[in-house]
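Examination of the molecular architecture
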Amino acid sequence: MLGGEYRHGLDPKNRIFIPAKLRDELGTTFVIAKDLREKCLKLYSLEEWKNYIEPILGQARKLQSKVLRFLSASMVEVTPDAHGRVVLPKELTAYAEIDRNVVVVGCYNYAEVWSEEVYEKLKAEEDIDQMIADLEELGL
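As a starting point, this report considers the structure included with it.

Calculation criteria
- Residues numbered from 1 in each chain as written.
- Predicted model: local features only at pLDDT ≥ 70, side-chain atom pairs only at ≥ 80, totals over all residues.
- Heavy atoms only, no water.
- Pairing = 2+ DSSP bridges.
- Helix = DSSP H or I, 4+ residues; strand = E, 2+ residues; numbered from the N terminus.
- Axes fitted to C-alpha atoms, helices over the stretch in contact; angles between N-to-C directions.
- Contact = heavy atoms within 4.5 Å.
- Patch = residues over 30% accessible without salt bridge, like charges linked within 9 Å, V, L, I, M, F, W, Y side chains within 5 Å.
- Areas by Shrake-Rupley, 256 points an atom, 1.4 Å probe, with all protein chains shown as cover.
- Salt bridge = Lys/Arg side-chain N within 4 Å of Asp/Glu carboxyl O.
- Lys, Arg positive; Asp, Glu negative; His and termini not counted.
- Charge placed at Lys NZ, Arg CZ, Asp CG, Glu CD.
- Parallel < 35°, antiparallel > 145°, perpendicular 65-115°, else oblique.
- Nonpolar A, V, L, I, M, F, W, Y, C, P; charged D, E, K, R; others polar.
- Expected span 1.5 Å × (residues − 1).
- Buried < 20%, exposed > 50% of the residue type's maximum accessible area, 1.4 Å probe, protein only.
- Arc of directions from axis to C-beta.
- Phe/Tyr/Trp six-rings, centres within 6.5 Å; stacked < 30°, edge-to-face > 60°.

Quick look at the sheet that holds strand 4 (residues 41-45) now. Hydrogen bonds along the backbone pair up the strands of a sheet, which may run parallel or antiparallel. Taken together, the six strands give an open sheet; going across it, the order is 1-7-8-4-3-5, and neighbouring strands pair in antiparallel fashion. Since the sheet does not close on itself, it has two edges, and those belong to strand 1 (5-9) and strand 5 (76-78), each with one partner. Averaged over all neighbouring strand pairs, the angle between strand axes comes to 25°, with direction disregarded. Where strand 3 (residues 30-34) lies against strand 5, three bridges are found, and the strand directions are antiparallel. Across the sheet, residue V31 finds its bridge partner in strand 5, namely E77. Each of strand 3, strand 4 and strand 5 is contacted by helix 2 (residues 46-57), which is oriented at about 110° to strand 4, the strand it contacts most.

See below:
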């Protein structure tokens, strides 16, 4: 299970550090892809990536093609170096507006990589009361 919030910098070679706790769960090779809903990147183990893609494959061909093209065009499989770092391609850093400091957040079966500025703005705008109301409406 992936969890925690970790803050690191993007080095001059576009590398970020992935904490050992997360690497243990993600595996020796994992996927980094754009998020569809937010300006962040998502990290999936190879197994979880297949689980994430599987429902998309069952959709209408036009939607399937659009989503798979968006996700796959810049998706990368990475293997961290001996220091736990992975290279983020420029297309991914541009998409997530990452230029210096990053926040890596474990989210149960995947992790997110955020620009620190974007992440702080998101946290400041969170409405916990609304989140609770939404969960209660769902019976949770």
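A contiguous patch of negative charge on the surface is contributed by D127, D129, D134 and E137. The topology assignment puts D134 in helix 6 (residues 128-137).

As a further point, take the packing of helix 2 against helix 3 (residues 61-74). Running from amino to carboxyl end, helix 2 crosses helix 3 at an angle of 155°, the nearest separation of the two axes being 9 Å. Comparing their axes, helix 3 and helix 2 come out roughly antiparallel. Along its contact with helix 2, which presents W49, Y52, I53, I56 and L57, the element helix 3 presents Q64, V67, L68 and L71. Along the lines of polarity and charge, the residues of the contact of helix 2 with helix 3 split into eight nonpolar, one polar and no charged.

A few words now on helix 2. Compared with an ideal rise of 1.5 Å per residue, which puts twelve residues at 16 Å, helix 2 spans 16 Å between its outermost C-alpha atoms and is within 8% of the ideal. For helix 2, the set of buried residues is W49, I53 and I56. Taken down its axis, helix 2 places every buried residue within 40° of arc, on the same side. For helix 2, exposure combined with an orientation more than 90 degrees from the buried face picks out E47, K50 and E54. Next to the buried residues of helix 2 lie strand 3, strand 4 and helix 3.

Considering all chains together, one arrives at six aromatic pairs under this definition. Between Y44 and W49 the ring centres are 5.5 Å apart and the planes differ by 55°, which places this aromatic pair in the tilted class. Each of the two residues, Y44 as well as W49, counts as buried. Ring centres of W114 and Y119 lie 5.9 Å apart, and the angle between their planes is 50°; on these two criteria the pair is classed as tilted. Taking the relative accessible area as the measure of exposure, W114 reaches 2% and is therefore buried. Under the relative-accessibility criterion, Y119 is labelled buried at 9%.

By themselves, these are just geometric observations and shouldn't be taken as functional.
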